[in-house]
Amino acid sequence: MAEVKLAAQVRTEFGKGAARRTRRANLVPAVVYGHGAEPVHVTLPGHELMMALKTANVLIGLEIDGKDALVIPKAVQRNPLKGDIEHVDLLTVKRGEKVNVEIAVHVEGDLAPGGNLLEYVQNTLLVEAEATHIPESVTVSVAGLDAGASILAKDIPLPKGSVLAGDEDAVVLQVVAAQAEEPAADAAEAEGAEA
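Residues numbered from 1 in each chain as written. Predicted model: local features only at pLDDT ≥ 70, side-chain atom pairs only at ≥ 80, totals over all residues. Heavy atoms only, no water.

Pulling in residues and values, what's your account of the pairing of strand 6 (residues 85-93)?
Pairing of strand 2 (residues 27-34) with strand 6, which is carried by 4 bridges, proceeds in the parallel orientation. Within strand 6, the residue paired with Ala 30 across the bridge is Val 88. Pairing between strand 5 (residues 67-78) and strand 6: 8 bridges, direction antiparallel. Paired with Leu 70 across the strands is Val 93, a residue of strand 6. Where strand 5 folds back onto strand 6 in an antiparallel hairpin, the turn is made up of 6 residues, including Gly 83, whose phi is positive at roughly 85°. (Pairing = 2+ DSSP bridges. Helix = DSSP H or I, 4+ residues; strand = E, 2+ residues; numbered from the N terminus.)

Describe the environment of Gln 122, naming the residues involved and giving the relevant values.
Here Gln 122 lies in the loop between strand 8 (116-120) and strand 9 (124-130). Taking C-alpha positions, Gln 122 is 21 Å from Ala 112, a pair spaced 10 residues apart along the chain.

For the pattern of salt bridges, give the residues involved together with the corresponding values.
Scanning the entire structure with this criterion turns up 2 salt bridges. Across the pair Arg 21 and Glu 13 runs a salt bridge, and its minimum N-O distance is 3.5 Å. The exposure class assigned to Glu 13 is partly exposed, which follows from its relative accessible area of 45%. Lys 154 is the partner of Asp 169 in a salt bridge, and the nearest nitrogen-oxygen pair spans 3.0 Å. Taken together, the residues span a long stretch of sequence, with Asp 169 in the loop between strand 12 (163-164) and strand 13 (171-177) and Lys 154 in the loop between strand 11 (150-152) and strand 12 at a distance of 15 residues. Lys 154 gets classed as partly exposed once you look at its relative accessible area, which sits at 47%. (Salt bridge = Lys/Arg side-chain N within 4 Å of Asp/Glu carboxyl O. Buried < 20%, exposed > 50% of the residue type's maximum accessible area, 1.4 Å probe, protein only.)

Tell me about the pairing of strand 9, and please be specific about residues and values.
Here strand 9 shows one buried face, formed by Leu 125, Val 127 and Ala 129, and one open face, formed by Thr 124, Leu 126, Glu 128 and Glu 130. Where strand 7 (residues 98-108) and strand 9 come together, 7 bridges link them in antiparallel fashion. Residue pairing for strand 9: Asn 100 is matched across the bridge by Glu 128.

Pulling in residues and values, what's your account of the side chain of Asn 116?
Within the element layout of this structure, Asn 116 appears in strand 8. Overall, Asn 116 belongs to the buried group, its relative accessible area being 13%. Within the local environment of Asn 116, its side chain forms a polar contact with the backbone oxygen of Ala 112, the two atoms lying 3.1 Å apart. Not counting residues up to four positions away in its chain, the partners in contact with Asn 116 are Leu 111, Leu 145, Asp 146, Ala 147, Val 175, Val 176 and Ala 177. (Polar contact = N/O pair within 3.5 Å; in protein donor to acceptor, adjacent residues only side chain to side chain. Contact = heavy atoms within 4.5 Å.)

Printed below as a string of structure tokens:
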């Protein structure tokens, strides 16, 4: 995973009005915390941050007042209407440190014939990985699975260097049989009345 470099400025103004002024200047308010240090309130360039966050669990190198910090996004707040980033919580990490992150689950292959449907019970897996080697996703084969089959978290092969951090017996995917619709009762009664 590539590291994205961003320049951060320490924030001195707080509150709703200050946050609005910051966003109008195409900057995003953020908080950097972790490792027992006091939280640092910063602003980040909006467009560059948006581009960086397109990659799940991106590793960001921040430059704050001449000091470098390595962070990963922990929480991203977006405007519900526009989708713009309104605030970001960033967790400080160190090279070689293990972190718990959620990674996406992707599937490949076709289910057994017969109108089966694949249900995602969870679309992410909680794994522990080194902060500088966080996998983006895992891929699971569902080829030939029939109704009633399920895939547990412990059955999913993880990338090298990653271990499962969540419940290993949790159902991630399951195959269910498609249900046929019964004809509407009103239609049957209408046909009977015509006869």
